[in-house]
Amino acid sequence: MITFLLALAALITGYFIYGRIVDHFFGPDDRQTPAMIHNDGVDYIPLPTWKVFLIQLLNIAGLGPIFGALGGALWGPSVYLWIVLGTIFAGGVHDYLSGMMSIREDGHSISEIVGHQMGSTMLNIMRVFSVILLILVGTVFMTGPAMLLAKLTSWDVLPWLIVVLGYYFLATMLPIDKIIARFYPLFGICLIIMAVGIAGGMLLGVGGHTMPEMVLANLYPGENQLPIWPLMFITVACGAISGFHSTQSPLMARCLKDERLGRPVFYGAMVAEGVICLIWAAAGVTFFDGTSGLQAALKAGGPGGAVYDICVGYMGTGIGTILAMLGVVACPITSGDTAFRAARLTLADWFKIDQVGLVKRLAFAVPLLGIGAVLSQMNFNIIWRYFSWTNQTLAMIVLWTGAVYLYRHCEGKAWLMACIPATFMSVVTSTYILQAKEGLELATSITYPAGIVFGAVCLALYLKATVFKKNSSSNEELEAAPVENN
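No experiment lies behind these values; they were computed from the predicted model shown.

Q: Help me understand a nonpolar patch on the surface in this model?
A: On the surface, Ile 12, Phe 16, Ile 17, Ile 21 and Phe 25 cluster together to form a nonpolar patch covering roughly 440 Å² of accessible area. On the basis of relative accessible area, Ile 12 is assigned to the partly exposed category, the value being 42%.

Encoded structure:
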């Protein structure tokens, strides 16, 4: 219990201290935001700050900090370290910068921002990369809820897929204040209540379960013990750092009234998600009495079944059942629809087509949802595996973009705030794809040093294009300056 409480305190302290440092170096001011300049009644609409925060939280959270946390908890309470350090020094910075850079660039999608900072080649890569990721996210969060609803009702999966797809169509097409701004804050509050209820049950010892303390050891159960590095850092994405968040922050950058509210909305929502992830990771190893029990529960009923058992066990069959269903059905749907909405806006920015007219929105929404419908018939596990790596690779790219932006526009060593986690995520993502089943399946004797080399190369290229380039230019100017004779 002590290490859980310390981790919780660290997350909260990180928001007030490091979040303020990040905000200070970025330097938000009183300039007009895109919501105020381009209010179009569809995507650019000024919203109350509390609504923007709750929508942002629900958009970036979904099932990520719940299912991902339970998966990460299989390695034991050591996952607390990644959740805390990842949230404060990587995820919070990533979400804040992606939101604030979008505000500074007229609410543009993350692909356009990356292109503006990193050049035309990266622009084209990111346009394709972002759309693929968003379609994968939308498909994952379409298939999962439909499968669960089929188990709970007499309907098959296909009818539920059609229902979810129909809702996605409305949420993708309608102005953001018609569905998303009306209902998502309520779901966001429910997500917070669910996490608070779980935390309260654990701390009060409901059911006689004892919270294990954190140990720096790999507690993954079974004979085939999976390594912490880099698997845990890919498994726990939402709740530590997730590239998907950078596709969602621009949605709220188009609704924020004052850029000085960026810290509570963007950095704050990430910390709130980190807290939720921490609670669910702790619940996984606590309620099932260790990693072996958690693994058995995940094999028996899947992550949805584990969520249901934990909610009912700690909060009773009444409110616990309701919140469990909300967590595993409503939350993923509310991330899936904004994924397709973000994909529509990414394409709109790409082809420079405004989205005020209904026909123009249909031109993008229909093909995107059609592709999602086709992909929903594929093996769910295959889609999820590729989404996980793609997601963290996007986070790495966005952090490097943030490092470039901070170097160009902020004073001092502000760029280090993004450069350090960008280097770390470069090592994580490269090591994973070389080692994983969906990658090259190479031995760790190859993947570990190769990952470090890739991270070092990325860092060297960044320094060459920024710090070293500036120093070289300064030296050339000094050498070219005339020498005065006394």
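After that view, the rundown keeps rolling.
Q: Would you mind going over unusual backbone geometry with me for this structure?
A: Residues apart from glycine generally show negative phi values, whereas peptide bonds are mostly found in trans. The peptide bond linking Trp 229 to Pro 230 adopts the cis configuration, its omega dihedral lying at -5°. As for its position among the elements, Pro 230 is in the loop between α9 (180–204) and α10 (231–235). Here the phi dihedral of Lys 352 falls at roughly 55°; this positive angle occurs in a residue that is not glycine. Here Lys 352 lies in the loop between α14 (319–351) and α15 (358–375). Using a relative accessible area of 67% as the deciding quantity, one classes Lys 352 as exposed. Even without glycine at this site, Glu 441 takes up a positive phi of about 55°. Assignment of secondary structure puts Glu 441 in the loop between α17 (416–435) and α18 (444–465).

Q: Please explain the layout of surface pockets as it appears in this structure.
A: To find leftover empty space, a probe the size of one water molecule is rolled over the atoms. Taken as a whole, the second largest pocket spans an internal volume of roughly 460 Å³. Lining the second largest pocket are 19 residues, and of these Met 118, Val 404, Leu 461, Tyr 462 and Ala 465 lie nearest its centre. Counting residues per element, the ones that place at least two in the lining of the second largest pocket are α6 (110–118), α7 (120–152), α16 (380–409), α18 and α19 (467–480). Per-element accounting of the lining of the second largest pocket gives the leading share, seven residues, to α16. Classifying every residue of the lining of the second largest pocket by side-chain character gives 13 nonpolar, three polar and three charged.

Q: How should empty space enclosed by the protein be read in this particular structure?
A: A full pass over the atoms with the stated rule returns two cavities of 30 Å³ or more. The calculated volume of the second largest cavity comes to roughly 60 Å³. Lining the second largest cavity, in full, are Ser 109, Ile 110, Thr 247, Pro 250, Leu 251, Arg 254, Ala 342, Leu 345 and Thr 346. Sorting the residues of the lining of the second largest cavity by element identifies α11 (244–253) and α14 as the ones contributing at least two each. Partitioned by chemical class, the residues of the lining of the second largest cavity number five nonpolar, three polar and one charged.

Q: Any chance you could explain the confidence of the model for the protein chain here in plain terms?
A: Should the pLDDT be low somewhere, the predicted coordinates at that spot are not to be read in detail. Averaged over all residues, the pLDDT of the protein chain equals 89, while 95% of them reach at least 70. Per-element averaging of pLDDT across the protein chain places α19 at the bottom with 61 and helix α5 (residues 79–104) at the top with 97.

Q: How should I be thinking about the packing of α9 against helix α12 (residues 262–287) in this particular structure?
A: Helix packing for two helices is described by the angle between their axes and how far apart those axes are. Across the interface, α9 lies against α12 with an axial gap of 10 Å and an inter-helix angle of 40°. When the interaxial angle is binned, α9 and α12 end up oblique. As for the relative orientation of α9 and α12, their crossing is left-handed in sense. Only Ile 276, Ile 279, Trp 280, Ala 282, Ala 283 and Thr 286 of α12 make contact with α9, whose side of the interface consists of Leu 191, Met 194, Ala 195, Ile 198, Ala 199 and Met 202. Looking at the contact of α9 with α12, its residues break down into 11 nonpolar, one polar and no charged.

What counts and what doesn't
- Residues numbered from 1 in each chain as written.
- Predicted model: local features only at pLDDT ≥ 70, side-chain atom pairs only at ≥ 80, totals over all residues.
- Heavy atoms only, no water.
- Patch = residues over 30% accessible without salt bridge, like charges linked within 9 Å, V, L, I, M, F, W, Y side chains within 5 Å.
- Areas by Shrake-Rupley, 256 points an atom, 1.4 Å probe, with all protein chains shown as cover.
- Salt bridge = Lys/Arg side-chain N within 4 Å of Asp/Glu carboxyl O.
- Buried < 20%, exposed > 50% of the residue type's maximum accessible area, 1.4 Å probe, protein only.
- Helix = DSSP H or I, 4+ residues; strand = E, 2+ residues; numbered from the N terminus.
- 1 Å grid on protein atoms, 1.4 Å probe; cavity = no way out; pocket = protein on both sides within 12 Å on 5 of 7 lines; lining within 4 Å.
- Points joined across faces, edges and corners; volume = space filled by probe spheres on them.
- Nonpolar A, V, L, I, M, F, W, Y, C, P; charged D, E, K, R; others polar.
- pLDDT = per-residue confidence, 0-100.
- Axes fitted to C-alpha atoms, helices over the stretch in contact; angles between N-to-C directions.
- Parallel < 35°, antiparallel > 145°, perpendicular 65-115°, else oblique.
- Left-handed = near helix turned anticlockwise from the far one by under 90°.
- Contact = heavy atoms within 4.5 Å.

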